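# Analysis of the macromolecular model
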Amino acid sequence: MQNEEIIICLTGGATGGHLFPLITVKKEIDRFLKEKNLKVSFVYVGVKPIDRSVLEKEGIRVVVVPSAKIRKYFSFKNIIDFIKIPFNIIFSFYHLFLIMPDVLFSKGGPGSLGVVFAAWVLRIPILIHDSDSIPGFTNRLSSFLANKIAISFLSAQKFFPPRKTIFTGHPVDTSILTMPIYSQDYERFGLREDKKIILILGGSQGSEFLNNLVIESLEDLLFLGQVVHQTGEKHYNQVFVYAKESLSFSFLDKMKNYHPFPFISHDDLIFLLKMSDVVISRAGAGSIFEIALLGKPSILIPLDPKIAGDHQVKNAYQYFDHGACYVLEEKNATPSLLLTLVREIINKPEISEKMHNGALSFAKIDAAPKLAQELINLLPE
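All values reported here derive from a predicted model rather than from experimental measurement.

For the rest of this paragraph, the subject is the side chain of Ser143. Considering the arrangement of structural elements, one finds Ser143 in the loop between helix 5 (137-142) and strand 6 (148-151). For Ser143, a relative accessible area of 2% gives the class buried. Once you skip the residues sitting within four places of it in the chain, Ser143 turns out to touch Ile128, Ile149, Phe160 and Lys164.

What follows covers the packing of aromatic side chains. Within this structure, the stated rule accounts for nine aromatic pairs. On the numbers, 6.0 Å between centres and 50 degrees between planes, the contact of Phe153 with Phe362 is tilted. Taken together, the positions of Phe153 in the loop between strand 6 and strand 7 (165-167) and Phe362 in helix 14 (residues 349-362) put the pair 209 residues apart, joining distant regions of the chain. Phe362 matches Phe153 in its accessibility class, with the two residues each being buried. Centroid distance Phe189 to Phe261: 6.1 Å. Interplanar angle 85 degrees. Geometry classified as edge-to-face. Linking Phe189 in the loop between helix 6 (183-188) and strand 8 (197-201) with Phe261 in strand 10 (residues 258-261), this pair joins segments that are 72 residues apart in sequence. Since its relative accessible area comes to 8%, Phe189 is described here as buried. Ring pairing ties together the aromatic residues Phe153, Phe289, Tyr319 and Phe362, which thus form one cluster. Over the ring of Trp120 we find Arg123, and its NZ or CZ is 5.6 Å from the ring centre.

A word on unusual backbone geometry. Notably, Asn37 is not glycine yet its phi reads approximately 60 degrees, a positive angle. Note on placement: Asn37 falls in the loop between helix 1 (16-35) and strand 2 (40-46). Judged by relative accessible area, Asn37 falls into the exposed class, the value being 65%. A positive phi angle, close to 60 degrees, is found at Arg123, a residue other than glycine. Of note, Arg123 is situated in the loop between helix 4 (112-121) and strand 5 (126-130).

Following both chains from N to C, one finds helix 7 (residues 208-224) and helix 13 (residues 335-347) inclined at 30 degrees, their axes separated by 9 Å at the closest point. Viewed along their axes, helix 7 and helix 13 adopt a mutual orientation that is roughly parallel. Relative to helix 13, the crossing made by helix 7 is right-handed. Contact with helix 7, carried on its side by Leu213, Glu216, Ser217, Asp220, Leu221 and Leu224, involves Pro335, Leu338, Leu339, Val342, Arg343 and Ile346 of helix 13 and no other residues of that element. Taken together, the residues of the contact of helix 7 with helix 13 sort by class into eight nonpolar, one polar and three charged.

Of all hydrophobic cores here, the largest spans 35 residues; its most connected members are Leu191, Leu273, Leu300 and Tyr319. For this core, the secondary structure elements donating two or more residues are strand 8, helix 9 (266-275), helix 10 (285-293), helix 12 (311-320), strand 13 (325-327) and helix 14. Residue contacts for Leu300: discarding those within four places in its chain leaves Ser281, Arg282, Ala283, Ile288, Ile291, Ala316, Tyr319, Cys325, Tyr326, Val327 and Leu328. Counting residues in each nonpolar core, the second largest holds 32 residues, with Leu218, Val278, Leu328 and Ile346 among its members.

This paragraph deals with the pairing of strand 8. With respect to burial, strand 8 is a largely interior element, five of its five residues being buried. With burial as the criterion, each face of strand 8 is covered, one bearing Ile197, Leu199 and Leu201 and the other bearing Ile198 and Ile200. For strand 8 and strand 9 (residues 226-230), the ladder comprises five bridges, and the chain directions are parallel. Each bridged residue has a counterpart across the sheet, and for Leu199 the counterpart in strand 9 is Val228.

Another aspect to go through is the pairing of strand 2. With six of seven residues buried, strand 2 is to be regarded as a mostly interior element. The pairing of strand 1 (residues 6-11) with strand 2 spans five bridges and is classified as parallel. Paired with Ile8 across the two strands is Phe42, which belongs to strand 2. Crossover connection from strand 1 via helix 1 to parallel strand 2: handedness right-handed. As paired elements, strand 2 and strand 3 (residues 60-64) share five bridges and run parallel to each other. From the neighbouring strand, Gly46 faces strand 3, where its bridge partner is Val64.

How each quantity is defined
- Residues numbered from 1 in each chain as written.
- Predicted model: local features only at pLDDT ≥ 70, side-chain atom pairs only at ≥ 80, totals over all residues.
- Heavy atoms only, no water.
- Helix = DSSP H or I, 4+ residues; strand = E, 2+ residues; numbered from the N terminus.
- Buried < 20%, exposed > 50% of the residue type's maximum accessible area, 1.4 Å probe, protein only.
- Contact = heavy atoms within 4.5 Å.
- Phe/Tyr/Trp six-rings, centres within 6.5 Å; stacked < 30°, edge-to-face > 60°.
- Lys NZ or Arg CZ within 6 Å of the ring centre and 35° of its normal.
- Axes fitted to C-alpha atoms, helices over the stretch in contact; angles between N-to-C directions.
- Parallel < 35°, antiparallel > 145°, perpendicular 65-115°, else oblique.
- Left-handed = near helix turned anticlockwise from the far one by under 90°.
- Nonpolar A, V, L, I, M, F, W, Y, C, P; charged D, E, K, R; others polar.
- Core = buried A, V, L, I, M, F, W, Y, C linked by side-chain atoms within 4.5 Å.
- Pairing = 2+ DSSP bridges.
- Right-handed = clockwise from strand over helix to strand, strands pointing away.

This is the structure we're talking about:
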C-alpha cells in the first residue's frame, strides 16, 4: 500500500447528524495516514446530502444514489421508496465497482443499506457506526454484513454481535474546545455579553412543536435572558409573526433580545453553543455529544416516540443519568414547566455547575480517533 492511493468510501443519511460525524472521522484519518506519508482520497456514495458543499469543502467527492427511506409510520411514500430499493442497490453496486474503495464507513440512515450490501458483495471491509441508544433499522440490518460495529451508547451493545461490537462514543470535532470567542462574535448575532443566552435548537429543519412551546413561553423567557431560536426555514416567517403577537404591547421593546434564525450553519452553531448559558434541544445523538463536549447545561425535549420511535427518549434519559440535563417529554411539555426548568438553571449556580460537570463526564473526546483507527485497521495489508 506504500505507493498506492488509499480510497475510503463514506455513506450515510442526508442530514447533518450523519454528515458531520463522517467529516470528523475523515479529518482524523487524514491526520493518521499523512503521518505515515500515505496518500488517501475520500468519496461519499449515498443519498443526496442536505448540503453537499460541506462534504466537497473537505475534499470529499460526492456520488448520489437514489434514496430508499422506509418510514416507521403509514405513508404512501413508503410504496414509492420500496420500489426505489432495487435502484438504490444497483446504483450503489455500479459506483462501488468503478471506485473499488479499500474500506467503507457507514453512519446508517436512509439509502445506506444498498451501499453496505454492495460493499459486502464486492468484499470491501465495512465499519458501521450507530449514534443512538436504540440502533436504527438500517444499521441493525447492516450489522450482519459489517466487519466491525461501533456504538455511541453502551445500551446499544445488546442489539449487535458482541464479538465485533466496540464502544467508541459519538465523534465530535474536539478542535471546538480551543476555538476562541471574541466580542465581534456576539455582535454579529446581535447579542450582548453581559446577558444570559438561551439557545433553542429544533434540528436543521426546525420543530413545529418546539416553536409553539417557545412562542407561548417567550415573554417570560425574555425576562430571563436573550433567546436565540433556530426555527427551521419553513417555519421562520410564521414564528416571527407569532412572536410579535405573543408579546404584550408594553413588552415589544424586548423583541431586540429575541433572535430567531431560519437555519444556523454548523460553524455558527458551535459559536452559539459556546456562548450560551442554557441549551434547549431535541435529543439527537449529535446534539447531545456536542452539548456534552462543551459542558453546557441543557433541557432536552425528545421527539414524540409515536412519530420517530423512542430512541431520542432513551438518549435523553441516559444523558440525564449523568446529571447533565433536564428531560422534558412532549406529553409533559408546558410553557410553565419549561420556564421553571430554565429559571432553575439560570438562577441556581449549583444546578448549572452539576450539569456542567455531568456533561463533561459523559463526553467522549477520543471517539473520532478510535473510529479512524478502526477503519485503518480494516485496510488491506
